[in-house]
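Each chain is listed here by its residues.
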Amino acid sequence: MADVEMRICGLMMDPITNMPIVVLKDRANKTVLPIWIGVYEANAIALEIEKVATPRPMTHDLFRNLLIGCDAWIERVVVSELRDDTFFAVIWIEQSDGAMMSIDSRPSDALALALRLDCPIYVSEQVITSSKLSPTLNDKANSEELRKWLENLGEEDLGQYKM
């Protein structure tokens, strides 16, 4: 199965669980994928969306600086698997000699790095299909308020959701 290029379209708080959700949307605006993440991870994403400078490097900034210092870059990140209602991701790093390396990651960390390094975000088609079939994820995403918000996301929504 192929990977679908997506972008972070916003952050929100789940009105039922009060947990942060990062919302991914495909380029054609046909597919929306909500991923529930931790508060600290959401903060790391929100800081970059809002372009807030911190007095000292945060962990994701440190990782970005290490990559740049080692003459490597993130080629792309992929939300690659959904297992037991948990999303998994892979960060693809390219070194200056062309060697590629894959690193297992939580999606929230991969997305925070993708924002900082302006690299593409992909989601496996299998993950998109599995997320639609997951009873737990469907229960979370079926609250009326959340469903309406996800359906009506537009470009202007990016960056308006501070954590």
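Residues numbered from 1 in each chain as written. Predicted model: local features only at pLDDT ≥ 70, side-chain atom pairs only at ≥ 80, totals over all residues. Heavy atoms only, no water.

Trainee: Which residues make up the overall build of the protein, and what values do they have?
Mentor: Across its full length, the protein carries six helices and seven strands. Sequence-ordered secondary structure for the protein, helices as α and strands as β, is β-β-β-α-α-β-β-β-α-β-α-α-α. By the burial criterion, 44% of the 163 residues in the protein qualify as buried. Long-range pairs, those at least 24 residues apart, make up 55% of the contacts in the protein between residues at least 6 apart in sequence. Working note: accessible area of the protein is about 8900 Å², and carbon and sulfur atoms make up 52% of it. (Helix = DSSP H or I, 4+ residues; strand = E, 2+ residues; numbered from the N terminus. Buried < 20%, exposed > 50% of the residue type's maximum accessible area, 1.4 Å probe, protein only. Contact = heavy atoms within 4.5 Å. Areas by Shrake-Rupley, 256 points an atom, 1.4 Å probe, with all protein chains shown as cover.)

Trainee: Account for the nonpolar core, with residues named and values stated.
Mentor: Residues Leu24 and Ile45 are the most contacted members of the largest nonpolar core, which totals 33 residues. Residues in contact with Leu24, not counting those within four places in the same chain, are Met6, Arg7, Ile8, Thr31, Val32, Leu33, Ile35, Val79, Leu111 and Val123. (Core = buried A, V, L, I, M, F, W, Y, C linked by side-chain atoms within 4.5 Å.)

Trainee: I'd like a rundown of the pattern of salt bridges, residues and numbers included.
Mentor: Within this structure, the stated rule accounts for nine salt bridges. In this structure, Arg27 and Glu5 form a salt bridge, with 3.5 Å as the shortest nitrogen-oxygen distance. Taken together, the residues Arg27 in the loop between strand 2 (20-26) and strand 3 (32-36) and Glu5 in strand 1 (residues 3-13) connect sequence positions 22 residues apart. Taking relative accessible area as the criterion, Glu5 reaches 30% and is therefore assigned partly exposed. For Asp61, the salt bridge is made with Arg64, and the minimal N-O distance between the two is 3.6 Å. With Asp61 and Arg64 both in helix 2 (residues 59-69), this residue pair falls three residues apart, about one helical turn. You can call Asp61 buried: its relative accessible area is 10%. (Salt bridge = Lys/Arg side-chain N within 4 Å of Asp/Glu carboxyl O.)

Trainee: Break down the pairing of strand 7 (residues 121-124) for me, citing the residues and quoting the values.
Mentor: Of the two faces of strand 7, both are covered, the one formed by Ile121 and Val123 as well as the one formed by Tyr122 and Ser124. Here strand 1 runs beside strand 7; their pairing, made up of four bridges, is antiparallel. Bridge pairing links Asp3 to Ser124 in strand 7. The sheet contact formed by strand 4 (residues 72-83) and strand 7 spans three bridges and is parallel. In the sheet register, Val77 faces strand 7, and the bridge partner there is Ile121. (Pairing = 2+ DSSP bridges.)

Trainee: Requested: an account of the pairing of strand 6 (residues 100-105), with residues and values cited.
Mentor: Where strand 5 (residues 86-95) meets strand 6, six bridges bridge the pair, whose relative direction is antiparallel. In the strand pairing of strand 6, Ile91 is matched with Ile103. Counting the residues in the hairpin turn of strand 5 and strand 6 gives four residues, including Gly98, whose phi is positive at 90°.

Trainee: Talk me through the packing of aromatic side chains; I want residue IDs and the actual numbers.
Mentor: To describe a pair of aromatic rings, one takes the distance between the centres and the angle between the planes. Taken as a whole and judged by the stated rule, the model has zero aromatic pairs. Across from the ring centre of Phe88, 4.2 Å away, lies the NZ or CZ of Arg83, which sits over that ring. (Phe/Tyr/Trp six-rings, centres within 6.5 Å; stacked < 30°, edge-to-face > 60°. Lys NZ or Arg CZ within 6 Å of the ring centre and 35° of its normal.)

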